[in-house]
Each structure stands twice: as C-alpha cells, then as structure tokens.
Amino acid sequence: MDLGLKDKVAIVTGSARGLGAAMVARLAAEGARVVVTDIQREQAEATAAALRAQGHAVHCVVGDITKAADVQRLVDETIATFGGVHVLVNNAGMPRDKYLVKMSEEDWDIVMNVMLKGAFLATRAVMPKMIEQGWGRVINISSRAHLGNPTQANYSAAKAGLIGMAKALAAEEGRYGITVNCIAPGFMDTEMVQALPTYETIKERAIQAQPIKRAGQPADVADAVAFLASECAGFISGEVLHVTGGRYG
Ligand SMILES: NC(=O)c1ccc[n+]([C@@H]2O[C@H](COP(=O)([O-])OP(=O)(O)OC[C@H]3O[C@@H](n4cnc5c(N)ncnc54)[C@H](O)[C@@H]3O)[C@@H](O)[C@H]2O)c1
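Residues numbered from 1 in each chain as written. Predicted model: local features only at pLDDT ≥ 70, side-chain atom pairs only at ≥ 80, totals over all residues. Heavy atoms only, no water.

S.K.: Hey, could you run me through the side chain of K8 in this one?
M.R.: Take K8: it is sitting in the segment before β1 (9–13). Under the relative-accessibility criterion, K8 is labelled buried at 14%. (Helix = DSSP H or I, 4+ residues; strand = E, 2+ residues; numbered from the N terminus. Buried < 20%, exposed > 50% of the residue type's maximum accessible area, 1.4 Å probe, protein only.)

As structure tokens, this is what we get:
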C-alpha cells in the first residue's frame, strides 16, 4: 500500500530514542523527509546520523519542547531546510509517578509542561504552514493511561488532555485539510519503562491483561503513526487509536 508519504516533511518531538526514534525511522522508510528533535543532544544527533547513513533526508534540531523560542526555531529550521511541514507527531513525554500525597508541584508541572504545553506550542507553531499548504497531519501520542492509573494523576491528566486538545483541533482545523488524531499506546518496551524500578512487574501485568500475549514494541506504534500520517487516513480526525494488544480499560 502506498501511504503517499514520499517527500512529505515530518517532525517527531522526542525522537532521539524510544517510540519517537522508531517513528522517524518508519516515516523515513516511507520516503518522508524527517526532523529528529529532542532535548538530548548526543542521542538526537546519533539517531539523525544513523538515518542519514541509510540515505534518508534528515534534519536534527536540539531543543526543549516547553520553550516557545526553541519550538519556533524547530519549525523555522524545518521550513527553511525542507520547504514545508506536513506531519507533526507530539511524542515527547515522560512519567513522574507518585501517589498524589507525595506528588510535588514540580512532578505535576514538568509532566504538564512537556506533554501538554509542548504539544500546544509545537502544534501552534506548525499550523500556519499547514493551513497555507491545505494539508496537515497532527498526531498526539497519548497513552492507555488516559483511562486513569494509580500513581499517575499527572500523567493520566496530561494524556487525557492531549485527547481533548486533538478533538478541539480536529473540529477547528479540518476545513484546511488538516487531521488531528491521537494514538494511545499500552505497555511498550522502551528505555522509558525499562528505567522504572517496577519494570518487570509492569511488563508481566500488562502482558497478562492483554489478549495479545507479547510486549508492545516501538514498531507497533510507528506503524500506527505511518497510517494516520498517510493519505489513507485523510477522512479520519479527532480519533483515538489504541495500540494496546487489544486491552481496553
Ligand atoms: N513506553 C510506553 O510504554 C508508553 C506507553 C504509552 C505512551 N507512551 C508515550 O510515548 C512517548 C514516548 O515514550 P518513550 O517510551 O519512547 O519514552 P523515551 O523516554 O524513550 O522518549 C521520550 C523522549 O522525549 C524526550 N524529551 C523529554 N523531555 C523533553 C523536552 N522538554 N523537550 C524535548 N524532548 C524531550 C526525551 O529526551 C526522550 O528522548 C511519551 O509521550 C510517552 O508518554 C509511552
């Protein structure tokens, strides 16, 4: 199936590693020109260099998604380098899991800032160009945690917020040929979850709760991103695609 992504320009935030790195690799494999962007310089540059070595068109921008000036530079450089911006994946994020009574304001603010404010800043920055092009795809990486997980009041609130934001923007921007959707991954075996002290338990419990009995892999989410970014998904907007091995609730 031709996804129609050849020469499209795609920004994936937080794409130095993990799910984001798999997304840029998948989009590049479809012929898209991709922008690797992350706060982690070394890893972002290594990810971009590896893709470039495979012959893909890649630009790398190091920056903090919570800073409006960094985000504007990201979009300005993308347009200056590739002439447009067609796909934005709001992927940068992280958990700061604690029971509410132990959750600091800092734990709350960083999760809100990186995931919700970051998505707001990046989407606002790409929107004028997408409107001018009459074509755009925005994909917010939410999580099954939008349904609510203990110790994740901050994370669940931000992930549910990304869904509300996508539905509002789907209604607002559809007239310009722009779709806005969410992907809600379940447990995915990445460095983010491998770093949690409860990694083995979480992984075991997730597999038990899923009808499909294996750990989710970055490629599972990257495939869903490629589909929602494609011409094939042009009549789908305001949706939440669960990539959870069949687990709901
Ligand atoms: N791994 C999972 O099980 C899972 C499940 C559901 C949703 N998600 C979501 O998917 C996304 C990617 O997760 P992952 O597992 O690949 O995590 P990861 O930690 O491997 O990757 C996240 C990336 O975001 C970057 N980042 C963090 N703060 C940033 C900032 N201020 N500015 C720019 N970049 C920043 C990090 O440096 C990192 O490279 C996150 O939003 C996460 O919440 C992950």
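Right, picking up where we left off after that structure.
S.K.: Explanation requested: the pattern of salt bridges in the structure shown.
M.R.: Should their charged atoms come close, side chains of opposite charge can pair. One pass over the structure, following the stated rule, counts twelve salt bridges. Notably, a salt bridge pairs D7 with K6, separated by 3.9 Å at the nearest N-O pair. By relative accessible area, which is 40% here, D7 ends up partly exposed. Given a relative accessible area of 59%, K6 falls into the exposed group. Among the salt bridges present, the one from E30 reaches R26, with a minimum N-O distance of 2.5 Å. Put simply, R26, E30 and D223 are held in one network by salt bridges that share partners. (Salt bridge = Lys/Arg side-chain N within 4 Å of Asp/Glu carboxyl O.)

S.K.: How do you make sense of helix α2 (residues 41–53) when you look at a structure like this?
M.R.: Owing to its 3.6 residues per turn, the α-helix brings residues three or four apart onto one side. Look at α2: 18 Å from first C-alpha to last across 13 residues, which is about the 18 Å you get at 1.5 Å a residue. Among all positions of α2, only A44, T47, A48 and L51 are buried. Taken end-on, α2 shows its buried residues confined to a sector of 95°, consistent with a single buried face. Across α2 from its buried face, at more than 90 degrees, point the exposed residues E42 and A53. On its buried face, α2 is in contact with α1 (18–29), β2 (33–38) and β3 (58–62). One or two positions beyond α2, positive phi appears at G55, with a value near 95°. (Expected span 1.5 Å × (residues − 1). Arc of directions from axis to C-beta. Contact = heavy atoms within 4.5 Å.)

S.K.: Please clarify how the environment of A49 should be interpreted in this entry.
M.R.: In this structure, A49 sits in helix α2. Note: C-alpha distance between A49 and H59 (ten residues apart in sequence) is 9.3 Å.

S.K.: Whenever I open this one, the packing of aromatic side chains confuses me. Can you help?
M.R.: Remark: the centre distance and the inter-plane angle together describe each pair of aromatic rings, the angle taken between the planes. Considering all chains together, one arrives at one aromatic pair under this definition. A cation over a ring is seen here: K8 above W135, with NZ or CZ 4.5 Å from the ring centre. We note R137 situated over the ring of W135; from NZ or CZ to the ring centre the distance is 4.1 Å. (Phe/Tyr/Trp six-rings, centres within 6.5 Å; stacked < 30°, edge-to-face > 60°. Lys NZ or Arg CZ within 6 Å of the ring centre and 35° of its normal.)

S.K.: Help me out: how do you make sense of the site of the ligand in this one?
M.R.: Near the ligand lie 27 residues; those nearest to it are R17, D38, N91, Y155 and T190. A distance of 2.9 Å separates a nitrogen atom of the ligand from a polar atom in the side chain of D64. Within the complex, the protein chains bury 94% of what would otherwise be the 820 Å² of accessible surface of the ligand. Put simply, the parts of the chain that give the shell around the ligand at least two residues each are α1, α5 (153–173) and α6 (191–194). In terms of residue class, the shell around the ligand is made up of 13 nonpolar, ten polar and four charged. (Near = heavy atom within 4 Å. Polar contact = N/O pair within 3.5 Å; in protein donor to acceptor, adjacent residues only side chain to side chain. Areas by Shrake-Rupley, 256 points an atom, 1.4 Å probe, with all protein chains shown as cover. Nonpolar A, V, L, I, M, F, W, Y, C, P; charged D, E, K, R; others polar.)

S.K.: How should unusual backbone geometry be read in this particular structure?
M.R.: For residues besides glycine, phi is generally negative; the peptide bonds are generally trans as well. One non-glycine residue, D7, adopts positive backbone phi at about 70°. One can find D7 in the segment before β1. Positive phi, normally seen in glycine, also occurs at T151, with a value near 70°. You can see T151 is positioned in the loop between β5 (136–141) and α5.

S.K.: When you look at the side chain of S15 in this model, what are you seeing that I'm missing?
M.R.: Checked against the element boundaries, S15 lands in the loop between β1 and α1. What makes S15 buried here is its relative accessible area of 0%. A polar atom in the side chain of S15 sits 3.0 Å from the backbone nitrogen of T37.

S.K.: Please clarify how the nonpolar core should be interpreted in this entry.
M.R.: Nonpolar side chains in soluble globular proteins generally cluster together in the buried interior. Core analysis: the largest hydrophobic core is formed by 37 residues, its most contacted members being I11, L88, V126, M130 and V180. Going through the elements one at a time, β1, α3 (68–82), α4 (105–133), α5 and β6 (178–185) are the ones with two or more residues in this core. A total of eleven residues in this core trace back to one element, the largest contributor, which is α4. Dropping the residues within four chain positions of it, V180 is found in contact with V138, A166, L169, A170, S237, G238 and E239. If you look at the next biggest cluster of nonpolar residues, it comprises 35 residues, including L3, L19, C60 and A229. (Core = buried A, V, L, I, M, F, W, Y, C linked by side-chain atoms within 4.5 Å.)

Everything listed here is a matter of geometry and, on its own, says nothing about what the molecule does.
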